[in-house]
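Coordinate analysis (summary)
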Amino acid sequence: MSKVISFATQKGGAGKTTLLMLTAAALHNRTDKKILVMDSDPQLSVKTIYKRENNPKSYDVFAFNWNQPNPAPNFEKVVVMARQKYDVIFMDLPGSVRSEEFYYSVLESDILMVPIVASMLDLNATVSFLEMIPDFISKKRDQKLEVFGVINKRDKTVEHLLIQKLVGLGGMDLFYSTISSLVRYKRQLSTVHDLVEPGADDEFNHYFEEFRKNCFV
Ligand SMILES: Nc1ncnc2c1ncn2[C@@H]1O[C@H](COP(=O)(O)OP(=O)(O)OP(=O)(O)O)[C@@H](O)[C@H]1O
Ligand SMILES: [Mg+2]
């Protein structure tokens, strides 16, 4: 059965696109699953890297045109078709929860991955976002949405006890593994290549294993 997994939170710059790309590349390289990334961010970040790499070994990337009159029914059709063709559909969302892109993508999602940065401003934005989740769920056809938080840009100074308090809000579970703030996550984004050797004792692999286990992919 296909899965739609969106990387979403209302805070810009929390690492939605970064985590999505790292996860998609690892799944693409380490499994034979058919993967599509739907880029619904107006900045088209994934699509831009995909075009620049111009490599037939990339996973597929599709940028839905949200600038059409009444995009929702077409978007729904595209997702229904994509679910028939792909095993996993990742959606990269903009940071603005009030946009159409955000709303309709969440309604089509089975799982939300929420990158969380442990700063005061980020945490407040994350709380407001998690508080909206029951409302999204009530509008979904299947009334189901799994939500997983991942601590991103972890450094030595952050107060992680604060993040623990978010567990359960909007039904969110928090991953045990975390992603540090490292230059490699800035530089090594690719629609073709995996970031690290599978099997290496590396925080990314710990995150990725946890991702696969929780999302059943
Ligand atoms: N773990 C990390 N370590 C270092 N830099 C990171 C990490 N995660 C993200 N970044 C950097 O933080 C910035 C924002 O990340 P990213 O673009 O992935 O966030 P986003 O949530 O997709 O933002 P937007 O809401 O604008 O789409 C980028 O410059 C990215 O390279
Ligand atoms: Mg982004």
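These notes cover the structure that comes with them.

Regarding the overall build of the chain
Tallying secondary structure elements over the chain gives 8 helices and 7 strands in all. Its C-alpha radius of gyration of 16 Å places the chain within 12% of the 17 Å reference for a compact globule of 217 residues. Taken along its principal axes, the extent of the C-alpha atoms in the chain is 45 × 40 × 30 Å. Across the 217 residues of the chain, 38% fall into the buried class.

Points about the sheet that holds strand S3 (residues 60-62)
Spatial strand order, S3-S2-S4-S1-S5-S6-S7: 7 strands in an open sheet with parallel pairing. One side of each edge strand has no neighbouring strand; the edge strands of this open sheet are S3 and strand S7 (172-174). Adjacent strand axes in the sheet meet at a mean angle of 25°, parallel and antiparallel pairs treated alike. Here strand S6 (residues 146-151) runs beside S7; their pairing, made up of 3 bridges, is parallel.

A look at the pairing of strand S1 (residues 3-7)
Of all 5 residues making up S1, 4 are buried, and the element is well covered by its neighbours. Two elements, S1 and strand S4 (residues 88-92), share 5 bridges in a ladder whose sense is parallel. Bridge assignment links Val4 to a residue of S4, and that residue is Ile89.

Focus: the pairing of strand S5 (residues 111-116)
Buried residues dominate S5, accounting for 6 of its 6 residues. Side chains of S5 alternate between two faces, with Ile111, Met113 and Pro115 and Leu112, Val114 and Ile116 buried alike. The pairing of S1 with S5 spans 3 bridges and is classified as parallel. Along S5, the bridge assignment pairs Phe7 with Met113. The sheet contact formed by S5 and S6 spans 6 bridges and is parallel. Among the inter-strand pairings, Pro115 is bridged to a residue of S6, identified as Val150.

Section: the environment of Lys47
Relative to the helices and strands, Lys47 is located in helix H2 (residues 45-53). On the basis of neighbour counts, which here come to 18 C-beta atoms within 10 Å, the residue Lys47 falls in the partly exposed class. Separated by 155 residues in sequence, Lys47 and Asp202 have C-alpha atoms that sit 28 Å apart. Look past the residues within four positions of Lys47 in its chain and what remains in contact with it is Asp39, Val61 and Ala63.

So, the site of ligand 1
Around ligand 1 lies a shell of 17 residues, among which Gly12, Lys16, Thr17, Thr18 and Gly95 are the nearest. Secondary structure elements with two or more residues in the shell around ligand 1: helix H1 (16-30) and helix H7 (183-187). Per-class residue counts for the shell around ligand 1 are 5 nonpolar, 8 polar and 4 charged.

Describing unusual backbone geometry
One non-glycine residue with positive phi stands out, namely Lys153, at about 55°. On the secondary structure map, Lys153 appears in the loop between S6 and helix H6 (160-164). At Phe216, a position not held by glycine, the phi torsion is positive, near 55°. Locating Phe216 in the fold gives a position in the segment after helix H8 (203-215).

The rules behind the values
- Residues numbered from 1 in each chain as written.
- Chains lettered and ligands numbered in written order.
- Predicted model: local features only at pLDDT ≥ 70, side-chain atom pairs only at ≥ 80, totals over all residues.
- Helix = DSSP H or I, 4+ residues; strand = E, 2+ residues; numbered from the N terminus.
- Rg over C-alpha atoms; globule rule 2.2 N^0.38 Å.
- Buried ≥ 20, exposed ≤ 12 C-beta atoms within 10 Å, placed from the backbone.
- Pairing = 2+ DSSP bridges.
- Axes fitted to C-alpha atoms, helices over the stretch in contact; angles between N-to-C directions.
- Contact = placed C-beta atoms within 7 Å.
- Near = placed C-beta within 6 Å.
- Nonpolar A, V, L, I, M, F, W, Y, C, P; charged D, E, K, R; others polar.

Geometric values such as these leave the question of function open.
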